[in-house]
Amino acid sequence: MSSTPALSSAQLNKRIISVVVFTFFCYLSIGLPLAVLPGYVHNQLGYSSFMAGLIISLQYFATLLSRPQSGRYADLLGPKRVVLVGLVLCGASGLFTLLALFWQTMPLTSLILLAAGRVVLGIGESLTATGSILWGINIVGTVQSARVISWNGVATYLAMAIGAPLGVMLNAVFGIPGFAVLIMLMAVFGFWLATKRPAVRVAVGQRIPFNKVFSRIWVYGLCLGLGTVGFGSIATFITLYFASHNWNGAAFSLTLFSLGFIVMRLLFSSYIGRFGGIRVSLLSFAIESVGLLLIWQGTSALMVDAGAFLTGSGFSLVFPALGVEAIKQVAPENQGSALGLYSAFLDFGLGITGPVAGLLIGHWGVNSVYLGAAVVVFFAFALTLRLQLTERRREAEKTGVA
């Protein structure tokens, strides 16, 4: 679907929010245990910081492997069905977390159950998030893709902003069952709500193979994946960073990261259409790098909070800016596959951050994680700059031929 009847901005937003709310439920399920599980694995179960990071990263690897297929299924079966299955899997992750707590006296069994919960949550994330974006694009039209992706991101990081401190609070009052039960209840409510939403037609046309879709979008995806490392380093290890300095307020830093992200999405997402995705991405990567360097050199919790806010602000527009450019490379009937493959690079970036950062901590301390992340984001900046120069050269060649 490439066009939509004339609608006001408020009407467009209402239609989009009616489906990206399922992304909110999904990422609230992700955010609730995020600041709690690493400490549980490390302190209660007695495993290393590397293993704590690996358990968190299992979700991202599961999402990485399932994301391309989730896009293909959304193209073939329709996004509504894909979202429904995704919500069920998100709820199942809460059940596995409860079972892991029940087997806490057997650390290996508990760890395996936690790992299973992270895997099903990762698959649920890929289905729910990809399905919600495609659902929204089909409802309001491809010309509003940037708006849909931006609102989907707002839902994502609003959920993360609420989820991290809420998970810590629920864990302090009720223990792990506090947020595990909430995850299951959200899945039930979200499933019921999704059944009330109208389905959309599946686009008809020639569907090109994965390898051809990949060849058209991989550069945009690689830039996204590199830029995602900043988010991954904060989301996974900020609690250990604060603990290593005997500071309080790690969850607040996560909230500030998400606040910066949301403010930028709400105020400046229209700049993608005005200035182009590549230009917006370049500025975004520069801001993100500065934020990570502030955290690396942090001498106080306030300085780290400022770095987290800048990192979130910088990362905010990367996904929609590059995503709009990526889905332009394919026809509507292949946009689900393009979104799935493009998003898989985000999952890859998050997936490798945990174990690699865990190794850095073991050798050079937790501060080194943020220097390494800043270097990686700088590479994303350099690659995006090269992409911009290449596109300018092609445009100049076309103009010269004309």
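What this report covers is the structure whose coordinates are included nearby.

Analysis parameters
- Residues numbered from 1 in each chain as written.
- Predicted model: local features only at pLDDT ≥ 70, side-chain atom pairs only at ≥ 80, totals over all residues.
- Heavy atoms only, no water.
- Helix = DSSP H or I, 4+ residues; strand = E, 2+ residues; numbered from the N terminus.
- Rg over C-alpha atoms; globule rule 2.2 N^0.38 Å.
- Buried < 20%, exposed > 50% of the residue type's maximum accessible area, 1.4 Å probe, protein only.
- Contact = heavy atoms within 4.5 Å.
- Phe/Tyr/Trp six-rings, centres within 6.5 Å; stacked < 30°, edge-to-face > 60°.
- Expected span 1.5 Å × (residues − 1).
- Bend = angle between axes of the 7 residues up to and from the residue.
- Patch = residues over 30% accessible without salt bridge, like charges linked within 9 Å, V, L, I, M, F, W, Y side chains within 5 Å.
- Areas by Shrake-Rupley, 256 points an atom, 1.4 Å probe, with all protein chains shown as cover.
- Salt bridge = Lys/Arg side-chain N within 4 Å of Asp/Glu carboxyl O.
- Polar contact = N/O pair within 3.5 Å; in protein donor to acceptor, adjacent residues only side chain to side chain.

The helix and strand inventory of the chain stands at 15 helices and zero strands. Its C-alpha atoms give the chain a radius of gyration of 20 Å, near enough to 21 Å, the size a compact globule of 402 residues would have. Dimensions along the principal axes, computed over C-alpha positions, put the chain at roughly 70 × 45 × 40 Å. Here the chain, with 402 residues, has 55% of them falling under the buried criterion. The contacts in the chain between residues at least 6 apart in sequence include a share of 86% that link residues at least 24 apart.

Moving on to the packing of aromatic side chains. For the coordinates displayed, the defined rule picks out 18 aromatic pairs. Ring centres of phenylalanine 22 and tryptophan 135 lie 5.8 Å apart, and the angle between their planes is 15 degrees; this geometry places the pair in the stacked category. A residue pair is termed long-range when its members are at least 10 positions apart, and phenylalanine 22 in helix α1 (residues 9–34) and tryptophan 135 in helix α5 (residues 107–140) qualify at 113 residues. An angle of 65 degrees between the planes, with centres 6.2 Å apart, marks the rings of phenylalanine 24 and phenylalanine 25 as edge-to-face. Classification of phenylalanine 25 by relative accessible area gives buried; the value is 11%. Members of the aromatic cluster, each reached through a chain of ring pairs, are Phe24, Phe25, Phe189 and Trp192.

On to helix α14 (residues 335–364). The end-to-end C-alpha distance of α14, which contains 30 residues, comes to 43 Å, matching closely the 44 Å that a straight helix rising 1.5 Å per residue would cover. Taken as a whole, α14 carries its principal kink of about 30 degrees at threonine 353; the proline proline 355 stands between one and four residues after it. For α14, the tally of buried residues reaches 22 of 30 residues, placing the bulk of the element in the interior. Looking one or two residues beyond α14, the residue adopting positive phi is glycine 365, at roughly 90 degrees.

Quick look at a nonpolar patch on the surface now. Taken together, the side chains of Leu95, Leu99, Phe102, Trp103 and Met106 make up a nonpolar region of the molecular surface, amounting to roughly 500 Å² of accessible area. By the secondary structure assignment, phenylalanine 102 is in helix α4 (residues 79–102). Take phenylalanine 102: its relative accessible area is 63%, and that puts it in the exposed class.

Moving on: the side chain of asparagine 152. Mapping asparagine 152 onto the fold places it in helix α6 (residues 145–174). Take asparagine 152: its relative accessible area is 6%, and that puts it in the buried class. Side-chain polar atoms of asparagine 152 contact the side chain of threonine 23, separated by 2.7 Å. Once residues lying within four places of it in the same chain are set aside, the contact partners of asparagine 152 are Val20, Thr23, Ala129, Ser132 and Ile133.

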